[in-house]
Amino acid sequence: MLWIAIRMLTGDAQKFYGLLFGIAFSTLLITQQMTIFVNLVQRGASGVYNAPEAEVWVMDPVSRTTDVSYAMPPTALDKVRSVKGVEWAVPHLRAQATVRTREGDLEGVAVIGVDDATLIGLPERMAKGDKSVLFAPDAVAVDDTGALNFFPSEIDPVGERLELNDQRAVIRGVADAIPSFTSTVVLYTRYSNALNFVPGTRNRLSFVLVGVSEGQTPSDVAARIERETGLKARTRDEFAQAGVNFIIENTGIPTNFGITVFLGFVVGVAIVGLTFSLFIRDNIKQFGALKAIGVTNGKIITMVGAQAGLVGLIGYALGVIGTVLFISAFSSNPFFKGFYIPWQIPLISFVAVVIILAITGLIAIRSVLKTEPASVFR
């Protein structure tokens, strides 16, 4: 019976391909949009991920994310260092600035000051050069995405000069960094240089990055820092999640992507439902003939389920493959740098396909179950 069901389905090529297109397009739209959404909101935590050595982030109590912070007095660093369980603590400055390029253009950048001695706060890897290049006078490292925004691909940014606060800054390296949510160009430099490059108020310390002593847990040390200093302390994972939550709560991105995903679901129901209904209607006499020779309604339901399952599996596979090809094709685009497909997203898409097929299958099969066997002889 299943072989007959498959032959009935594939025998009408036009409707068969229409069903495949509906499921594939719906799967592609849902999977692709959810993938972009998840990777985009995770950019809110890029500042945390780009400082992998820090196990605890200490900040002013009103600070919320790496991009929304309030400066602390320099004495906060000594307070944190005096807390039990703190292996090391280093200053970290994050500020906005405007640079003038060699061509005289003005560009907005984010300046990040890392510890002068250890360079803690830099991304783990360098795309060009070595971390030690920042020990040179007036040295800065630009993130790789920012380098593409600043300079044409045929120009090597290393050695290029910038003007920051009427001072010279020389690009000595390119950092392999996770792009920020706003794709702002990021310049990394030593903390002492950052204080000169970026004018500001009396208090300039944005964060204190902390390493935890052996035998201590980041959560315990963070709680102890808060209790003894009155500052806010968050573990690496907590602060990264705070950045993601800030994007979700303060932008329209979830709504926009949610609408697109919902439309993908609706389009799938509409296309598959219409095509499947037409397929059932055109084959109603065949189903009536089967019932006339003794095929029960249960077997009819099994046949329609097999047809829906075949269409669903092939269409789902095509949609997921299309998403993978899309992400791979644009992987060289700075906007898509580091994008990946979390395993949960294909699972969600699969559930959506099952729901689409269940809704459309139930609607379509009603006419079959109501068909009288004698109708085949009319």
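Up top you'll find the structure we're talking about.
Below is a short write-up of the structure.

### Observations regarding the overall build of the protein
Item 1. Across its full length, the protein holds twelve helices and ten strands.
Item 2. Within the protein, counting contacts between residues at least 6 apart in sequence, those at least 24 apart form 79% of the total.
Item 3. When the accessible surface of the protein is totalled, it reaches about 18100 Å², and 59% of it is carbon and sulfur.

### Looking at the layout of surface pockets
Item 1. Looking at the largest pocket, its volume works out to about 690 Å³.
Item 2. The wall of the largest pocket is formed by 38 residues, among which Thr-66, Asp-67, Arg-94, Ala-95 and Gln-96 lie closest to the centre.
Item 3. Elements with a contribution of two residues or more to the lining of the largest pocket: α3 (46–49), β2 (86–100), β3 (106–114), β8 (185–190) and α8 (236–250).
Item 4. The biggest single contributor to the lining of the largest pocket is β2, with four residues.
Item 5. For the lining of the largest pocket, the residue count by class is 18 nonpolar, 16 polar and four charged.
Item 6. Taken as a whole, the second largest pocket spans an internal volume of roughly 330 Å³.
Item 7. Broken down by secondary-structure element, the contributors of at least two residues to the lining of the second largest pocket are α2 (13–42) and α3.
Item 8. When the residues that make up the lining of the second largest pocket are grouped by side-chain class, the tally is eight nonpolar, five polar and five charged.

### Points about the pattern of salt bridges
Item 1. Applying the stated criterion across every chain, the model contains eight salt bridges.
Item 2. Note that Glu-124 is salt-bridged to Arg-125, the shortest N-O span being 4.0 Å.
Item 3. One salt bridge in this structure joins Lys-128 and Asp-156, with 3.3 Å as the shortest N-O distance. Linking Lys-128 in strand β4 (residues 125–128) with Asp-156 in the loop between α5 (144–150) and β6 (161–164), this pair joins segments that are 28 residues apart in sequence.
Item 4. When salt bridges with common partners are traced through the structure, they connect Glu-124, Arg-125, Asp-144, Asp-176 and Lys-337 into a single cluster.

### Digging into the nonpolar core
Item 1. Membership of the largest hydrophobic core comes to 39 residues, with the highest contact counts inside it found for Val-58, Val-208, Val-210 and Ile-225.
Item 2. Here this core takes five residues from β2, the largest share from any one element.
Item 3. If near-sequence neighbours (up to four positions away) are discounted, Val-210 is found in contact with Ala-54, Glu-55, Val-56, Val-58, Val-80, Val-86, Trp-88, Ala-89 and Ile-225.
Item 4. In terms of nonpolar packing, the next biggest core, distinct from the first, is built from 22 residues, Ile-36, Leu-40, Val-90 and Phe-339 among them.

### Topic: the side chain of Gln-33
Item 1. Within the element layout of this structure, Gln-33 appears in helix α2.
Item 2. The exposure class assigned to Gln-33 is buried, which follows from its relative accessible area of 14%.
Item 3. Look past the residues within four positions of Gln-33 in its chain and what remains in contact with it is Phe-257, Thr-260 and Val-261.

### Some words on the pairing of strand β9 (residues 207–212)
Item 1. In terms of burial, β9 is largely enclosed, as six of its six residues are buried.
Item 2. On β9, burial covers both faces: Phe-207, Leu-209 and Gly-211 on one face and Val-208, Val-210 and Val-212 on the other are all buried.
Item 3. Where strand β1 (residues 56–59) and β9 come together, three bridges link them in antiparallel fashion. Each residue of the ladder has a partner; that of Val-58, found in β9, is Val-208.

### Some details on a nonpolar patch on the surface
Item 1. Judged by side-chain polarity, Leu-313, Trp-343, Leu-347, Phe-350, Val-351, Val-354, Ile-355, Ile-359 and Ile-363 come together as a nonpolar surface patch covering roughly 850 Å² of accessible area.
Item 2. The leading source of residues in the nonpolar patch is helix α12 (residues 344–370), at seven residues.
Item 3. Overall, Ile-363 belongs to the exposed group, its relative accessible area being 53%.

### As for α8
Item 1. Between its terminal C-alpha atoms α8 stretches 21 Å, which fits the 21 Å expected from 15 residues at 1.5 Å a residue.
Item 2. Turning to α8, its buried residues number three or more, namely Phe-239, Ala-240, Gly-243, Val-244 and Ile-247. Taken end-on, α8 shows its buried residues confined to a sector of 145 degrees, consistent with a single buried face. Turned more than 90 degrees from where α8 packs its buried face, Asp-237 and Glu-249 sit exposed.

Rules and cut-offs
Residues numbered from 1 in each chain as written. Predicted model: local features only at pLDDT ≥ 70, side-chain atom pairs only at ≥ 80, totals over all residues. Heavy atoms only, no water. Helix = DSSP H or I, 4+ residues; strand = E, 2+ residues; numbered from the N terminus. Contact = heavy atoms within 4.5 Å. Areas by Shrake-Rupley, 256 points an atom, 1.4 Å probe, with all protein chains shown as cover. 1 Å grid on protein atoms, 1.4 Å probe; cavity = no way out; pocket = protein on both sides within 12 Å on 5 of 7 lines; lining within 4 Å. Points joined across faces, edges and corners; volume = space filled by probe spheres on them. Nonpolar A, V, L, I, M, F, W, Y, C, P; charged D, E, K, R; others polar. Salt bridge = Lys/Arg side-chain N within 4 Å of Asp/Glu carboxyl O. Core = buried A, V, L, I, M, F, W, Y, C linked by side-chain atoms within 4.5 Å. Buried < 20%, exposed > 50% of the residue type's maximum accessible area, 1.4 Å probe, protein only. Pairing = 2+ DSSP bridges. Patch = residues over 30% accessible without salt bridge, like charges linked within 9 Å, V, L, I, M, F, W, Y side chains within 5 Å. Expected span 1.5 Å × (residues − 1). Arc of directions from axis to C-beta.

What is shown is where atoms sit, not what they do.
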